[in-house]
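Observations on chain architecture
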Amino acid sequence: MEKRCLDSQVKGVSTGTTILAAVFDGGVVIGSDSRASIGGEYVSSKTINKVIQVHDRIFCCMAGSLADAQAVIKAAKFHLSFHSVQMESPPLVIAAASVLKELCYKNKEELQAGFMTAGWDRKKGPQVYVVSLGGMLISQPVTIGGSGSTYIYGYVDAKYKPNMSKDECLQFATNALALAMGRDNVSGGVAHLVVITETGVEHVVVPGDKLPKFHDE
Amino acid sequence: MALSNILETPAAGFNFDNVVRNAALEGLLEEQPPKPLKTGTTIAGLIFKDGVVLGADTRATSSEVVADKMCAKIHYIAPNIYCCGAGTAADTEKTTELLSSNLTIFSLNSGRNPRMVMAVNILQDMLYRYHGNIGANLILGGVDCTGNHLYTVGPWGSVNKVPYLAMGSGDLAALGILEDRFKHDLELEEAKELVRAAIHAGIMCDLGSGNNIDICVITRKGVDYIRPYQESAYKDTRKIKYKYRPGTTPVLTQKVVPLKLEVVQETVQQMDTA
């Protein structure tokens with residue numbers, strides 16, 4: 001295993017990835033690819049799950065070192081659940097994002113993981129937050145991350161509109177992921193998408209061969 | 001939490017003490033820090049209709065010499081959970097022993113059989129705390145009340161749940177066989193044959209793997225640990241005997257010196273047999 005991770009910056013299994021989240025009218029869509037690689041040359045898993053549920057209506061997407069990301073999410077789940085019990089109410093999306101931010105910022109020397117948090121709460125409705133590698137927390141209506149995101153900034157800037165319908169937003173997210181997976185070698189596999197609204201959570205999995213194809217494929 | 005560890009539970013959150021210690025040591029040592037010896041291995045596992053099949057080769061190498069021709073790479077964790085280990089032999093051995101002890105204590109304290117997810121979580125926490133310095137690549141397979149499960153845990157603490165898997169230096173060869181022939185809900189004999197073929201490919205195509213193949217089948221009914229499942233086709237026969245009869249070496253002279261022992265002190269302690 002060691003022979004494969006000599007070149008990469010990330011030690012161990014990396015999620016070199018494409019992740020995105022977008023707000024639509026009444027909810028959010030959060031999604032990712034499903035490839036995990038070691039050293040940028042060996043695909044260690046074709047079907048890894050990068051979209052993790054941290055609370056009933058809050059999901060997180062991870063990028064960076066898989067081990068670090070999984071460890072941080074575990075700690076975050078615990079803190080969030082404890083916070084929720086103390087407050088006797090479901091946590092706000094910003095609370096989840098802040099928990100991740102605290103962990104990433106306080107341990108920035110040792111950790112190599114970034115996150116995207118998306119969810120729905122009663123106070124502010126659907127929201128998307130990004131916690132970057134060093135622990136910066138910002139809120140955006142649409143956000144993309146991971147190594148594959150560089151290939152779709154243009155697409156997202158051009159195609160995202162606020163207050164889309166659920167189906168429009170799902171199509172937008174699927175297209176964006178497909179485009180990124182088509183150009184980035186460390187992103188691939190299936191597209192995992194989760195739609196979060198006030199009423200519930202819906203998982204959509206688009207297998208590789210059912211992804212939208214573009215002109216040169 | 002209190003049920004699973006009898007030792008002091010570490011403080012909540014991350015503990016990076018060893019990073020500081022390692023950095024300090026690296027500063028002191030002039031040359032490169034010593035690298036632990038890795039043993040080449042092929043291990044594989046898959047989920048079939050009634051449970052999980054795990055397989056491993058049995059060669060342990062020490063650089064270019066085969067140190068152990070019949071080493072056991074499938075470790076016992078719990079009556080319903082077994083673990084194959086690749087990487088540094090000492091690390092996989094001790095990690096699995098530690099996990100097994102903790103799970104036994106948990107079982108006794110809580111009166112419940114351990115679940116796979118618990119074993120995986122304990123391993124993940126421990127390996128993550130050591131930041132890849134424990135060189136253990138593990139395949140955990142088991143059957144519990146929630147079903148049949150197969151997990152992989154990497155040395156840095158990453159976890160992945162999969163239906164079939166191969167690890168070790170021979171993993172690419174074994175994975176080729178598994179990718180080609182794996183199907184969900186295989187029958188027992190097909191599953192055993194597929195794992196055997198995967199390990200066999202690893203043995204043939206990797207220098208660090210070899211000798212015999214061990215298979216472990218875990219189902220709701222119990223565990224069948226077949227060791228060895230397939231013996232190596234390249235066993236040699238010894239040409240001469242290495243055992244010598246008593247009297248082979250002639251005795252030329254004999255001198256007997258009795259040791260004189262004297263009693264220096266005698267104490268008597270009454271035993272309470274009430």
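What you see is a predicted model, and the numbers here were worked out from it, not measured in a lab.

Attention now moves to the interface of chain A and chain B. One frequently used descriptor of interface size is the decrease in accessible area upon assembly of the parts. Counting residues at the interface gives 22 residues for chain A, matched by 20 residues for chain B. Counting each side, the surface lost to burial between chain A and chain B is near 1,800 Å², with a carbon and sulfur contribution of 57%. Applying the counting criterion to the chain A and chain B interface returns two salt bridges. In this structure, the salt-bridge partner of Asp125 of chain B is Lys74 of chain A, at a minimum N-O distance of 3.3 Å. Remark: the boundary between chain A and chain B carries eight residue pairs in polar contact (both at pLDDT 80 or more). When contributions to the side of chain A that touches chain B are tallied by element, the ones reaching two or more residues are β5 (42-45) and α1 (66-87) of chain A. With seven residues, the top contributor of residues to the side of chain A that touches chain B is α1 of chain A.

Our focus in this paragraph is helix α3 (residues 116-129) of chain B. All names here are of chain B. Between its terminal C-alpha atoms α3 stretches 20 Å, which fits the 20 Å expected from 14 residues at 1.5 Å a residue. Every buried residue belonging to α3 is among Met116, Ala119, Val120, Ile122, Leu123, Gln124, Met126, Leu127 and Tyr128, and all of these are buried. Just downstream of α3 lies His131, where phi reads positive at about 50°.

With that settled, consider the UniProt feature "domain: Proteasome beta subunit C-terminal" (unreviewed entry) in chain B. The residues that UniProt annotates with the feature "domain: Proteasome beta subunit C-terminal" (unreviewed entry) are residues 237-268 of chain B. From the first C-alpha to the last, residues 237-268 of chain B spans 59 Å; its make-up is 0% helix and 0% strand.

Our focus in this paragraph is the pairing of strand β2 (residues 19-24) of chain A. All names here are of chain A. Counting buried positions along β2 yields six of six residues, so the element is predominantly enclosed. For β2 and strand β3 (residues 27-32), the ladder comprises six bridges, and the chain directions are antiparallel. Its bridge partner lying in β3, Ala21 is registered against Ile30. Here β2 folds back onto β3 in antiparallel fashion, the turn holding two residues, of which Gly26 has a positive phi close to 105°. Here β2 pairs with strand β11 (residues 142-145) via four bridges, running antiparallel. Across the sheet, Ala22 pairs through a bridge with Val142, a residue of β11.

Calculation criteria
- Residues numbered from 1 in each chain as written.
- Chains lettered and ligands numbered in written order.
- Predicted model: local features only at pLDDT ≥ 70, side-chain atom pairs only at ≥ 80, totals over all residues.
- Heavy atoms only, no water.
- Contact = heavy atoms within 4.5 Å.
- Buried area = accessible area lost by both parts, 1.4 Å probe.
- Salt bridge = Lys/Arg side-chain N within 4 Å of Asp/Glu carboxyl O.
- Polar contact = N/O pair within 3.5 Å; in protein donor to acceptor, adjacent residues only side chain to side chain.
- Helix = DSSP H or I, 4+ residues; strand = E, 2+ residues; numbered from the N terminus.
- Expected span 1.5 Å × (residues − 1).
- Buried < 20%, exposed > 50% of the residue type's maximum accessible area, 1.4 Å probe, protein only.
- UniProt positions renumbered as here; feature names shortened; annotations may be inferred.
- Pairing = 2+ DSSP bridges.

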